[in-house]
Amino acid sequence: MIISAHLTHADEYDFLYLTNLPRGWTEKKLKNFVTEAAGSENLSVREYLNVNIYELKLKDDRTITFASDNTVAMVSFTSLLVEESIRQVKSGRAINDSKAFRKIETNANKELKVYLNYP
């Protein structure tokens, strides 16, 4: 799983969560899992770059946005972060293409690693 923090306003940030879907999971299975875990059925869907983006209104009035493309699930409370993630996946320029990221990724230790992508 990759968790990235992004500045969303002058003094606010939000997180983008990226993970591989479990083997055999489909978009429908992800949608059912998230709606069941959130305990909400207030779901809307829209399409972006041929990918369905789901927005689920939670009981605390926040909205969780999620999508999947191939085997990658993208989740955030900021829909723009999910859209940017889809755009990056579609462009073929993954974060792990950088030499610095590959260096921390290949470390065999099972531990939390922090990667700061200055560019």
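A few points on the structure. Everything numeric in this text was worked out from a predicted model, so none of it was measured. (Residues numbered from 1 in each chain as written. Predicted model: local features only at pLDDT ≥ 70, side-chain atom pairs only at ≥ 80, totals over all residues. Heavy atoms only, no water.)

## Here we look at the overall build of the protein chain
As a reminder of what qualifies: A run of H or I in DSSP becomes a helix once it reaches four residues, and a run of E becomes a strand once it reaches two; helices and strands are each numbered from the N terminus. Burial status follows relative accessibility: with a 1.4 Å probe on protein chains alone, a residue under 20% of its type maximum counts as buried, one over 50% as exposed, and anything between as partly exposed. Here the Shrake-Rupley method, with its probe set to 1.4 Å, supplies the accessible areas, and only the displayed protein chains count as covering residues.
If you tally the helices and strands in the protein chain, you get three helices and six strands. What you see in the protein chain, going N to C, is helices and strands ordered as β-β-α-β-β-β-β-α-α. Within the protein chain, the fraction of its 119 residues that count as buried is 26%. Total accessible area on the protein chain stands at roughly 8700 Å², and carbon and sulfur atoms take up 51% of it.

## Side note on the pattern of salt bridges
Inclusion rule: By convention in these notes, a salt bridge is any Lys or Arg side-chain nitrogen within 4 Å of a carboxyl oxygen on Asp or Glu.
For the structure shown, the criterion picks out four salt bridges. Of the charged contacts, one joins arginine 46 and glutamate 55 as a salt bridge, the two residues approaching to 3.3 Å between their closest N and O atoms. In this structure arginine 46 comes out as partly exposed when scored by relative accessible area, which is 27%. With a closest N to O distance of 2.8 Å, arginine 46 and glutamate 83 form a salt bridge. Remark: glutamate 83 occurs in helix α2 (residues 79-91) and arginine 46 occurs in strand β3 (residues 43-48); sequence separation between them is 37 residues. Connected through shared salt-bridge partners, Arg46, Glu55 and Glu83 make up one network.

## Considering the sheet that holds strand β2 (residues 12-20)
In plain terms, the rule: At least two DSSP bridges between two strands are required for those strands to pair. Axes here mean lines fitted to C-alpha atoms, for a helix over just the part in contact, with angles spanning 0 to 180 degrees between N-to-C directions.
Here six strands make up an open sheet; going across it, the order is β1-β2-β6-β5-β4-β3 and the pairing antiparallel. Two strands close off the open sheet at either side, each with one partner strand: β1 (2-9) and β3. Ignoring strand direction, the axes of neighbouring strands in this sheet form an average angle of 20°. Judged from the seven bridges that link them, β1 and β2 form a sheet pairing that is antiparallel. Each bridged residue has a counterpart across the sheet, and for histidine 9 the counterpart in β2 is glutamate 12.

## Brief notes about unusual backbone geometry
Even without being a glycine, asparagine 50 presents a positive backbone phi close to 65°. With a relative accessible area of 68%, asparagine 50 lands in the exposed category. One non-glycine residue, aspartate 61, adopts positive backbone phi at about 75°. Among the secondary structure elements, aspartate 61 is positioned in the loop between β4 (51-57) and β5 (63-69). Aspartate 61 sits in the exposed class, given a relative accessible area of 59%.

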